[in-house]
Amino acid sequence: MLKITKRQTESGYHFIIENCENAFVISFGGNGDLYWYQRCSNKSNDSKELSCKSFIIDKENYFLFSLVETLYNDVKDCKVFEMDEANDQLKRHQEDNKERLFKEGTIEWHCDDSNYDEASVLKIEKKEEAFLITMEKSKVENTYAVRIRNRRSRYNPFNILFMKMYEQLIQYDNDYQQIHMEEYLYQKKLEKKLR
């Protein structure tokens, strides 16, 4: 069962998204930037050997699924701003940055803190009825954390879409979350498979 824990901090909100095997965090930092990082298990009791797995977001929690789906589609369709012909230069800038961000059907955000080839990487890949979230460790630091800068991001203006998702995630209520019809249908589909 997917669980979302929402905590308010001095700078914003901290979301822990977990299933029975794994967890990742979306957090707004005091520096005004957004962070995605995976909580990893230390199976070998060696602080250098952390084991991370991919995280699946499916329709089990339709609220989160729909936010990730909107983020994915908006990046894929380069839908940050409404464009008209007068914004031709901005449109070309968006398309150039999209080519670096969206590769072969996968969002691939290299942390804004490090050199592109050495940075930790957040990947969001669409599967049939789910999204696969994968974090790749930095080649120079022992971290899976990905910083999404709101100023001077290499993927500007796509950082706006990640902030939009974060702001919509703030609306999540731990105590009251009405089941969506898609969640119900997805649960029925899973039950049918188990029979």
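Everything in this summary refers to the structure shown in the same document. (Residues numbered from 1 in each chain as written. Predicted model: local features only at pLDDT ≥ 70, side-chain atom pairs only at ≥ 80, totals over all residues. Heavy atoms only, no water.)

### Some points on the packing of aromatic side chains
A ring pair, where both rings are aromatic, is described by two values, the distance of the centres and the angle of the planes.
Line of reasoning, step 1. A complete count under the given rule lists 13 aromatic pairs for this structure.
Line of reasoning, step 2. Each member of the aromatic cluster is reached from another via a ring pair, and the members are F24, W36, F55, W109, Y155 and F162. (Phe/Tyr/Trp six-rings, centres within 6.5 Å; stacked < 30°, edge-to-face > 60°.)

### Details of the sheet that holds strand β3 (residues 23-28)
Line of reasoning, step 1. Read from one edge of the open sheet, 5 strands run β1-β2-β3-β4-β10, paired in antiparallel fashion. The strands lining the two open edges of the sheet, one partner per strand, are β1 (3-8) and β10 (146-148). Across the sheet, the mean angle separating the axes of adjacent strands is 15° when strand polarity is ignored.
Line of reasoning, step 2. Here 5 bridges tie strand β2 (residues 13-18) to β3, and the two strands are oriented antiparallel to one another. Directly across from F15, in β3, lies its bridge partner I26. (Pairing = 2+ DSSP bridges. Helix = DSSP H or I, 4+ residues; strand = E, 2+ residues; numbered from the N terminus. Axes fitted to C-alpha atoms, helices over the stretch in contact; angles between N-to-C directions.)

### Quick notes on the environment of R100
Line of reasoning, step 1. Looking at the secondary structure, you find R100 in helix α2 (residues 88-101).
Line of reasoning, step 2. Relative accessible area serves as the criterion here: at 34%, R100 is assigned to the partly exposed category.
Line of reasoning, step 3. Along the chain, R100 and H110 lie 10 residues apart, while their C-alpha atoms are 9.5 Å from each other.
Line of reasoning, step 4. If we ignore the near neighbours within four places in the chain, the residues touching R100 are E108, Y116, R154 and Y155. (Buried < 20%, exposed > 50% of the residue type's maximum accessible area, 1.4 Å probe, protein only. Contact = heavy atoms within 4.5 Å.)

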